[in-house]
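Reading the structure
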Amino acid sequence: MTNAVLRYSALILKLKAVMLENIRIILVETSHTGNMGSAARAMKTMGLTNLYLVNPLVQPDSHAIALSAGASDVIGNATIVESLDEALSGCELVIGTSARSRTLSWPMVEPRECGERCVRAVQNSPVAIVFGRERVGLTNEELQKCHYHLYIPTNPEYGSLNLAMAVQLVSYEIRMAYLTAQEKQDATEHEAEYPPVEDMERFYQHLEQVLSNSGFIRKAHPGQIMNRLRRLYTRARPETQELNILRGILTSMEKWANKSSGSGLK
């Protein structure tokens, strides 16, 4: 394995380890500890663990732990800061949730696009999803600190989502985008190696020789056998290792035929 391949594999492993860890879920001035616990539970079910609490009106307590339902580590390791600027420090991408239109228009994303953008950006630096206060959301000043505003297209006749529901929905889309990215990386990492054209030509020559020596192909009337076999193997497109196996089979057949001929067997 080359040094370049080793470096690439190490990069993939590192990416897998830090990708979700570098996504910050930020709750601003949360007023109910139960919402903290429920949000932590929503995060952990989707593999997110990096919770920030900005100037919480109440501190996490036993009620938050109870509603976290096994995600007490997310609550216990939450970073508590006094300002949104502190929570956003070092982030390349910031997306703020907004349930209502604002006077100043801003680039908007829906949850699916939010997840895709987060997974792309987190390969370089942390990203943040900001959720506002339970009753009034984020202020215009806070939203202007965000690169995009996240809008959840709920039922226009009843669009009520509590904080934990919104965190769950966004966390789900992030996880789906993450899994899709991993599938692509795995496919690239394990991409098959195919033989060059000249190796395939040597295989066809070898195959024709063995088939002719065995009498399967009659030199006087070869017909379309080799053309059809070429089409067959072109369609199958054998990998390098598979081609080596085929060449090994042909060589083994030749040795067996020579041995049989030498011993007088037919």
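Let me sum up the structure you'll find in this document. For clarity, every value in this text was computed on a predicted model and none was experimentally measured.

What the protein chain contains, in helices and strands, is eleven helices and seven strands. Out of the 266 residues belonging to the protein chain, those deemed buried represent 38%. Considering only contacts within the protein chain whose residues lie at least 6 apart along the sequence, 85% involve residues at least 24 apart. Accessible surface, the protein chain as shown: approximately 16,100 Å² in total, 52% of it carbon and sulfur.

On to the sheet that holds strand S7 (residues 148–150). Read across the sheet, seven strands follow the order S3-S2-S1-S6-S4-S7-S5 without closing on themselves; strand pairing throughout is parallel. Across the chains shown, the open sheet's two edge strands, defined by having one partner strand only, are strand S3 (79–81) and strand S5 (108–109). Pairing between strand S4 (residues 93–97) and strand S6 (residues 127–131): four bridges, direction parallel. Pairing of Ile95 across the sheet is with Ile129, part of S6.

So, on to the nonpolar core. Here is a general trend for soluble globular proteins: nonpolar side chains tend to be buried in one another's company. Counting residues in each nonpolar core, the largest one holds 39 residues, and the members touching the most others are Ile25, Leu27, Leu51, Cys118, Ile129, Phe131 and Val167. In terms of residue count, the dominant contributor to this core is helix H8 (residues 163–189) (eight residues). Residues contacting Val167, with those up to four places away along its chain left out, are Ile25, Leu27, Ala39, Ala42, Met43 and Phe131. In this structure, Val54, Val81, Ala87 and Val130 belong to the second largest nonpolar core, which totals 15 residues.

The next point concerns the packing of aromatic side chains. Per the counting criterion, the structure on display carries two aromatic pairs. Ring geometry for Phe203 against Tyr204: centres 5.6 Å apart, planes inclined by 50 degrees, an arrangement best described as tilted. Exposure class is identical for Phe203 and Tyr204. Each is buried. Geometrically, the ring pair formed by Phe203 and Tyr233 is edge-to-face, given 5.0 Å between the ring centres and 85 degrees between the ring planes. You can see Phe203 sitting in helix H9 (residues 197–213) and its partner Tyr233 sitting in helix H10 (residues 225–236), a full 30 residues away along the chain. Take Phe203: its relative accessible area is 1%, and that puts it in the buried class. In this structure Tyr233 comes out as buried when scored by relative accessible area, which is 19%.

You can see Ser98 is positioned in the loop between S4 and S5. For Ser98, a relative accessible area of 6% translates into the label buried. Once you skip the residues sitting within four places of it in the chain, Ser98 turns out to touch Leu143, His149, Leu150 and Tyr151.

If you trace the backbone, Leu51 turns up in strand S2 (residues 50–54). The sequence separation of Leu51 and Ile80 amounts to 29 residues, and the corresponding C-alpha distance is 8.7 Å. Each residue touching Leu51, except ones within four places of it in the same chain, is listed here: Ile25, Leu27, Met43, Val74, Ile75, Ala78 and Thr79.

Before going further, it helps to examine unusual backbone geometry. Backbone geometry at Glu29 places phi at a positive 50 degrees, although glycine is not the residue there. Assignment of secondary structure puts Glu29 in the loop between strand S1 (23–28) and helix H2 (33–45). The class for Glu29 is partly exposed, based on a relative accessible area of 23%. Backbone geometry at Asn55 places phi at a positive 45 degrees, although glycine is not the residue there.

Together, Tyr172, Met176 and Leu179 make up an exposed nonpolar region whose accessible area comes to about 240 Å². Within the secondary structure layout, Met176 lies in helix H8.

Turning to the side chain of Thr33, a few remarks are in order. Among the secondary structure elements, Thr33 is positioned in helix H2. Classification of Thr33 as buried rests on a relative accessible area of 9%. At 3.0 Å, the side chain of Thr33 and the side chain of Asp61 are in polar contact. Ignoring sequence-local partners within four residues, the contact set of Thr33 consists of Val58, Gln59, Pro60, Asp61, His63 and Ala64.

What follows deals with helix H6 (residues 111–121). Inspection of H6 places Pro111, Cys114, Gly115, Cys118, Val119 and Ala121 among the buried residues, and these make up the whole buried set. All buried residues of H6 lie within an arc of 170 degrees about the axis, which places them on one face of the element.

Quick notes on the rules
Residues numbered from 1 in each chain as written. Predicted model: local features only at pLDDT ≥ 70, side-chain atom pairs only at ≥ 80, totals over all residues. Heavy atoms only, no water. Helix = DSSP H or I, 4+ residues; strand = E, 2+ residues; numbered from the N terminus. Buried < 20%, exposed > 50% of the residue type's maximum accessible area, 1.4 Å probe, protein only. Contact = heavy atoms within 4.5 Å. Areas by Shrake-Rupley, 256 points an atom, 1.4 Å probe, with all protein chains shown as cover. Pairing = 2+ DSSP bridges. Core = buried A, V, L, I, M, F, W, Y, C linked by side-chain atoms within 4.5 Å. Phe/Tyr/Trp six-rings, centres within 6.5 Å; stacked < 30°, edge-to-face > 60°. Patch = residues over 30% accessible without salt bridge, like charges linked within 9 Å, V, L, I, M, F, W, Y side chains within 5 Å. Salt bridge = Lys/Arg side-chain N within 4 Å of Asp/Glu carboxyl O. Polar contact = N/O pair within 3.5 Å; in protein donor to acceptor, adjacent residues only side chain to side chain. Arc of directions from axis to C-beta.

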